[in-house]
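Observations on the three-dimensional arrangement
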There are 2 protein chains.
Amino acid sequence: MNSQKSPQTVRNREETRRRLIQAVGALLSEHGFTALGVNAVARQAGVDKVLIYRYFGGLSGLMAAFGREGDFWPSMDELAGGDIEAFAQLPLEEKVAQFAYHFVDAIQRRPLTQEIMAWEMVERNDLTVELETIRETMMLRFIEMFFPEMQPRIDMQALSAIFGAAISYLVCRSRHIRYYSGVDLQSDAGWERLKKAMELIVRGIMAQLN
Amino acid sequence: MNSQKSPQTVRNREETRRRLIQAVGALLSEHGFTALGVNAVARQAGVDKVLIYRYFGGLSGLMAAFGREGDFWPSMDELAGGDIEAFAQLPLEEKVAQFAYHFVDAIQRRPLTQEIMAWEMVERNDLTVELETIRETMMLRFIEMFFPEMQPRIDMQALSAIFGAAISYLVCRSRHIRYYSGVDLQSDAGWERLKKAMELIVRGIMAQLN
DNA sequence: TATTGTTGTCACTCGATAGTGACAATAGAT
DNA sequence: ATCTATTGTCACTATCGAGTGACAACAATA
């Protein structure tokens, strides 16, 4: 449960800072944000808690630092499936569907992000604000880059808000419940159903473009 | 901040139970579930905390009791817009759209439900389980009742999972952030955009039925 | 080697929490 | 009026959290 504090071999400010930042990530993914506190982080890092105040000005500053270092949001590249060039060539319908799929995978692959997204539901703090900012700019840039032609006719922002919200919610919920509206969120089969439904939606929207 | 404890005028077990249950609701909607504890609830109810143990066996039991009394999920009737008969007569497309709208309104009208939904993201307890159960049966019954004819051709469960998830997420998030994917979640205009997008989706799906 | 600023440890205060045992006040019966 | 079970109050323990001040260990200088 508690990591014994292997007393610092060397005295090194940077190393200690890193250990603290890393401890935040470890605690978050192992025990969730409710377990996050000055004492717990220090214990996990094997370091005295006073150093959190000295080096980061408190837990809040430490979380901000953690936020700056993390990889808890997919890049444009990842959302495009790895090859932006190729993605740009896809037909519109395919682009939207691929985007949704990659988004599902990206979130499912990041338990830490799921945890922070759960946190976002509860309060705002330096970490959630960081995630908010990254996400917001990323989403808008993505839309602007790949779906400019649709913008006047279709409200891509609202559409991707709905998709993003649905996916975020369902992935997050899948951590604690199994069935939502009769769909098994903890099985691949369930997610296949959801993907099929998303495809259906995308096809329907595209049909209205003509 | 703290409600002074107006010392019990009458000694009455039932009355005290009610005060405690009510205090849970008050605390939840005013300060969120993080503020919920034996001490806080007792203080809010103006009653000694030992009575929570005596009458409910602990906070968990009290929350279960609270869950049983609450009106934190819309009824079939409410989701149908008040008149189930009339709703059943609507064309398919209209039914789905109306359902989504009513769902948005129903959730927005229930801050307590929003709070519990946020809680659901974080942990399972007697209260969130209660809400889960109600929701799950309600959603399935609703689909079964009003969209039986679509079932084989279109996965209504998956579709309503997506709609329900998106709406739940966006309403919950609107409590702490303003913009999501460029949409203003705290303005009527923003929600109009979202409703329009949902309409678009519904129309597109229906078009594929023919 | 002696000095000085940095890095880290320790021990403490203060406040809040969950849970419990002893006791006082009261209602409803006899 | 008296007794008794119920209802409610109070005081207490034990535990945990954030935050702070004093001090020890150390590294890099002079």
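Let me sum up the structure you'll find in this document.

What counts and what doesn't
Residues numbered from 1 in each chain as written. Chains lettered and ligands numbered in written order. Predicted model: local features only at pLDDT ≥ 70, side-chain atom pairs only at ≥ 80, totals over all residues. Heavy atoms only, no water. Helix = DSSP H or I, 4+ residues; strand = E, 2+ residues; numbered from the N terminus. Buried < 20%, exposed > 50% of the residue type's maximum accessible area, 1.4 Å probe, protein only. Contact = heavy atoms within 4.5 Å. Areas by Shrake-Rupley, 256 points an atom, 1.4 Å probe, with all protein chains shown as cover. Lys, Arg positive; Asp, Glu negative; His and termini not counted. Charge placed at Lys NZ, Arg CZ, Asp CG, Glu CD. Buried area = accessible area lost by both parts, 1.4 Å probe. Salt bridge = Lys/Arg side-chain N within 4 Å of Asp/Glu carboxyl O. Nonpolar A, V, L, I, M, F, W, Y, C, P; charged D, E, K, R; others polar. Near = heavy atom within 4 Å. Polar contact = N/O pair within 3.5 Å; in protein donor to acceptor, adjacent residues only side chain to side chain.

A separate point is the overall build of chain A. Helix and strand counts for chain A come out as 11 helices and 2 strands. Going residue by residue from the N terminus, the α and β elements of chain A occur as α-α-α-α-α-α-α-α-α-α-β-β-α. Principal axes of the C-alpha set define a box for chain A whose edges measure 65 × 35 × 30 Å. Taken across its 210 residues, chain A has 55% of its residues classed as buried. Contacts spanning at least 24 positions in sequence make up 60% of the contacts within chain A whose residues lie at least 6 apart. For chain A, the accessible surface area stands at approximately 9,800 Å², while carbon and sulfur atoms represent 49% of it. Taking the average place of the 24 positive charges on the side chains of chain A and the average place of its 27 negative ones, the gap between the two points comes to 8 Å.

Turning to the interface of chain A and chain B, a few remarks are in order. If you look at the interface, chain A gives 48 residues, while chain B gives 48 residues. Both faces combined, the contact of chain A with chain B buries some 4,300 Å², and carbon together with sulfur accounts for 65% of it. In terms of surface lost to chain B, no three residues of chain A exceed M121(A), I162(A) and S181(A), which account for 17% of the buried area on that side. Counting the contacts that link chain A with chain B gives 6 salt bridges. Residues E132(A) and R173(B) are paired through a salt bridge, measuring 3.6 Å at the closest nitrogen-oxygen approach. Residue contributions to the side of chain A that touches chain B peak at 14 residues, all from helix α10 (residues 156-173) of chain A. Looking at the side of chain A that touches chain B residue by residue, the classes come out as 27 nonpolar, 10 polar and 11 charged.

Below, the discussion takes up the protein's contact with DNA strand D. Close contacts around DNA strand D come from 17 residues, with K49(A), R11(B), T16(B), R54(B) and Y55(B) the closest. Backbone atoms, meaning sugar plus phosphate, form 49% of the atoms of DNA strand D positioned within 4 Å of the protein. With respect to DNA strand D, the backbone of V38(A) contributes an N or O atom lying 2.8 Å from a phosphate oxygen. K49(A) has a polar side-chain atom sitting 2.6 Å from a base oxygen of DNA strand D. Per-element tally for the surface near DNA strand D: the top contributor is helix α3 (residues 50-56) of chain B, with 4 residues. For the surface near DNA strand D, the per-class residue count stands at 6 nonpolar, 5 polar and 6 charged.

As a structural note, the neighbourhood of DNA strand C is formed by 18 residues, with R11(A), T16(A), R54(A), Y55(A) and K49(B) the closest of them. Restricting attention to atoms of DNA strand C within 4 Å of the protein, one finds that 52% of them are sugar or phosphate atoms. A distance of 2.9 Å separates a base nitrogen of DNA strand C from a polar side-chain atom of R11(B). V38(B) places a polar main-chain atom, nitrogen or oxygen, 3.0 Å from a phosphate oxygen of DNA strand C. Of all the secondary-structure elements, those providing two or more residues to the surface near DNA strand C are α1 (13-31) and α3 (50-56) of chain A together with α2 (38-45) and α3 of chain B. Ranked by residues supplied to the surface near DNA strand C, first place goes to α3(A) with 4 residues.

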